[in-house]
Amino acid sequence: MGFQDEGKNVFEETNKVSQNKSTEVVGNVVNENKKVVEPPVNTILSKPDKVIVGKKKWLYDWNETKEGVEKLPLYGNWEDTTAQRIIFNRVGKCGSRSVLDVFKHLAKVNKYNMINSVIYNQTRTSEEKKNLLVSVLLKVDPPFLFQRHLHYIDFTKFGSSYVKYINIVRDPIERFTSQYYFRRFGDGKNDKSTRPFKGTEEEKYQTINECVLRKKFECSRNKLQYIIPFFCGQSPQCRFQDRTPLEIAKKNVERDFIVVGILDELENTFAVLEKMLPRFFAGAVDYMRAPGNTYSRNRSSTMTNYKESPSPEVHAVLMQQMSLEYEFYHFIKERFEQLKSQLGIGTTK
């Protein structure tokens, strides 16, 4: 998607861009994404004769089951196609748990519905569950923000072009290192998102250098393409190490991601979000800077324990094996720099 001037309706503008874009097809994944599937909304949810509105609470947890739907803020303004609907399909180990503290605070202050998935460790979903997810989100009262670790879903495939995305990424090797040790030792929170390490004691305490140099499966080339699928999609092909998923991810970012920020520039990321989506993120930077808030307290507690940086030798190996991840990362950084410049935010580090 192109960049919009501050103050314009991002959703109206991106819809115009989507209508004018060419329909160039890249590989089988794009072919699948171009198929239009009849929205399953009416087969799962139907609008009641009378909507009973209870006390507004703004924050909602959802286990992504039909049984849990009744607890969500459905209908209301749901038929307004210009109302803002955002998905934060957060990439793992890119600071998102700290960021969520800010988003939850802003949901109450700026009065938007925030739907928190309690599905913590599944980035892909079955067709049945995907249909339910899409059906429910298209009935949630906007403005809303839905968050989950989730590979991209193309809502235009379900007849909707007004659901947009945001995300945050970081240097791929730094992200992989953080994830490697987080799986073993967790962080200061060790909450429901932390699973017990599956492996032997020897495997648990092996360093990332040993893992890479010994060519263990956990550190093999097949396990190193992690970021791209969050922007490419649910297809198994999005996890292949070739250029097709990379190019699809870039196209999806341009079309459907309003902001993809950089973890190393988190304050600038919040500043960009404020400018691009003020309905959601007005006041984000001030809250982030405020001493003693939950963001400040949780920022340190969500840092991975016992992290050891890769050696220069291992860093070079990973750089070579993650070349596509780095090409995508630099594409995101360049796009973010252009957006900052257009909005008059910060300086290049």
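See the structure printed just above.
Novice: How do you make sense of the nonpolar core when you look at a structure like this?
Specialist: Most often, soluble globular proteins have nonpolar side chains that are buried together. In terms of nonpolar packing, the biggest core is built from 95 residues, with F103, L145, I166, F231, F270, F281 and F328 touching the most fellow members. Considering each element in turn, this core owes the most residues, 9 residues, to helix α16 (residues 323-343). Residues within four places of F281 in sequence aside, it is in contact with F103, L106, N110, Y112, L145, I166, L273 and E274.

Novice: Looking at this model, I keep getting lost on the environment of F331. Mind explaining?
Specialist: Here F331 is to be found in helix α16. Taking relative accessible area as the criterion, F331 reaches 17% and is therefore assigned buried. In contact with F331, not counting residues within four places along its chain, are K250, V253 and E254.

Novice: Looking at this structure, I do not really get the pattern of salt bridges. What am I missing?
Specialist: Two side chains with opposite charge may pair up if their charged atoms get near one another. Going through the model one piece at a time under the given rule, you end up with 15 salt bridges. A salt bridge links K164 to D256, with the nearest nitrogen and oxygen atoms 3.2 Å apart. A residue pair is termed long-range when its members are at least 10 positions apart, and K164 in strand β5 (residues 163-169) and D256 in helix α10 (residues 243-256) qualify at 92 residues. Here K164 falls in the buried class, since its relative accessible area comes to 1%. You can call D256 buried: its relative accessible area is 4%. Between E247 and R243 there is a salt bridge, and its shortest N-O distance comes to 3.1 Å. With E247 and R243 both in helix α10 and 4 residues apart, the pair spans about one turn of that helix. Residues participating in the shared-partner salt-bridge network are D154, K164, R255 and D256.

The rules behind these values
Residues numbered from 1 in each chain as written. Predicted model: local features only at pLDDT ≥ 70, side-chain atom pairs only at ≥ 80, totals over all residues. Heavy atoms only, no water. Core = buried A, V, L, I, M, F, W, Y, C linked by side-chain atoms within 4.5 Å. Buried < 20%, exposed > 50% of the residue type's maximum accessible area, 1.4 Å probe, protein only. Helix = DSSP H or I, 4+ residues; strand = E, 2+ residues; numbered from the N terminus. Contact = heavy atoms within 4.5 Å. Salt bridge = Lys/Arg side-chain N within 4 Å of Asp/Glu carboxyl O.

Keep in mind these numbers describe shape, not what the thing actually does.
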